[in-house]
Amino acid sequence: PLMKEHGPPSFYLDHINITNKRSQEDSSDATNNTSTNDGFTSFRSLCRIVAGQQLAGPTAKTIWRRLLRVADATEDDPTNLTP
């Protein structure tokens, strides 16, 4: 009921927008060597969702950045975050 009433959390919408933008850039640039289309996009999305569950937006973003840092990844290049 909360999702229907309030919509998805803003950090998730931000993540979706960034992911969609990257996908468009990757598809328009076939020579992109930093493409995240390596078969683990769903895994990274799942990590992002789990990291942000039940948390306020700023706290979820902090935890997400810490998780990326542990995996030696960044929001701009999350390719090191793999199973």
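Higher on the page you've got the structure.
Residues numbered from 1 in each chain as written. Predicted model: local features only at pLDDT ≥ 70, side-chain atom pairs only at ≥ 80, totals over all residues. Heavy atoms only, no water.

(A) Up close: the pattern of salt bridges. Summed over all chains, the structure comprises two salt bridges. Where Glu75 meets Arg65, a salt bridge forms, and the shortest distance between an N and an O atom there is 2.8 Å. Residue Glu75 is found in the segment after α4 (57–70), and its partner Arg65 is found in helix α4; the two are separated by ten residues along the sequence. Residue classification places Glu75 among the partly exposed positions, given a relative accessible area of 32%. With relative accessibility at 43%, the residue Arg65 sits in the partly exposed group. (Salt bridge = Lys/Arg side-chain N within 4 Å of Asp/Glu carboxyl O. Helix = DSSP H or I, 4+ residues; strand = E, 2+ residues; numbered from the N terminus. Buried < 20%, exposed > 50% of the residue type's maximum accessible area, 1.4 Å probe, protein only.)

(B) Region of interest: α4. End to end, α4 covers 20 Å across 14 residues, agreeing with the expected 20 Å (1.5 Å per residue, within 8%). Looking only at α4, the buried set comprises Ala60, Trp64 and Leu68. End-on, the buried residues of α4 take up no more than an arc of 75°, which puts them together on one face. Exposed residues on α4 whose side chains face more than 90 degrees from its buried face are Pro58, Arg69 and Val70. Just past α4, the residue Asp72 takes up positive phi, approximately 55°. (Expected span 1.5 Å × (residues − 1). Arc of directions from axis to C-beta.)

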